Amino acid sequence: MKRVLLGLGSNKSFDDKSSVELLGCACHDLAHLLENVKFSSVYKTKAMYVEDQNDFYNMAVLGFMPDNADALELLKTIHQIEAKYGRDRTKEIRFGPRSIDIDIELFGDEIINLPELQIPHIRILERAFVMIPALEILEKVADCKIRKKYTDSLTALEKQGKSGGIEMFLSAKDFIPFTGGSFNGPENK
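Conventions and cut-offs
Residues numbered from 1 in each chain as written. Predicted model: local features only at pLDDT ≥ 70, side-chain atom pairs only at ≥ 80, totals over all residues. Heavy atoms only, no water. Axes fitted to C-alpha atoms, helices over the stretch in contact; angles between N-to-C directions. Helix = DSSP H or I, 4+ residues; strand = E, 2+ residues; numbered from the N terminus. Left-handed = near helix turned anticlockwise from the far one by under 90°. Contact = heavy atoms within 4.5 Å. Nonpolar A, V, L, I, M, F, W, Y, C, P; charged D, E, K, R; others polar. Salt bridge = Lys/Arg side-chain N within 4 Å of Asp/Glu carboxyl O. Buried < 20%, exposed > 50% of the residue type's maximum accessible area, 1.4 Å probe, protein only.

Asks: Is there a simple way to think about the packing of helix α3 (residues 128-138) against helix α4 (residues 144-159) in this case?
Replies: Two packed helices can be described by the angle between their axes and the distance between those axes. Direction vectors running N to C along α3 and α4 enclose 145 degrees, while the axes themselves pass 10 Å from each other. By crossing handedness, the relation of α3 to α4 is classed as left-handed. Note on element contacts: α4 touches α3 through I146, R147, Y150, T151, S153, L154 and L157, opposite A128, M131, I132, A134, L135 and L138. Partitioned by chemical class, the residues of the contact of α3 with α4 number ten nonpolar, two polar and one charged.

Shown next, in the form of structure tokens:
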């Protein structure tokens, strides 16, 4: 099985659903796409690139796909999920407000460098709002090399004063009701 790490974020409501509810809806869909899914806690995060917007709610999702799964097919499915919950890439400002954003951070051990997809995600090591929730769910299942890389990157960001503005908003256990159900994984029970 291929390990898949996704980073999710939202800072704009859609269809009378709050950002946290939209994350829950997206996670519900992802739980039917990935096996043995685990959700991190939800973190409230200051906007990073375009600062004049609402705070984001960020989290990570870890799951597994068959060894023959294709990253570009996963990307297409993710774009469908984003569209379902109000994301219209043709009308948004880059790094601006969005109802839902789902990034593929890791896809097994694959390295992909295409215009539409870069894996590992090209900005993961500058984004504490991705690494903190990722470390939370990678703690027991990922290899030590990835955890050390993220921990070292977070330490470097802290020294540069670039890791602030992140606080836990909702624990993984308390987030589960927003997904419409309970899924596998000791962190989520």
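Asks: Sorry if this is basic, but what is going on with the pattern of salt bridges here?
Replies: Should the charged atoms of two oppositely charged side chains come close, the side chains can pair. The final tally for this structure, using the stated rule, is twelve salt bridges. With a closest N to O distance of 2.6 Å, E110 and K2 form a salt bridge. Here the residue E110 occupies a position in the loop between β5 (101-107) and β6 (112-114), and K2 occupies one in strand β1 (residues 2-10), the gap between them amounting to 108 residues. Classification of K2 by relative accessible area gives buried; the value is 10%. A salt bridge links E73 to K76; the nearest nitrogen and oxygen atoms lie 3.3 Å apart. Of the two residues, E73 and K76 both sit in helix α2 (residues 71-84), three residues apart, roughly one turn of that helix.

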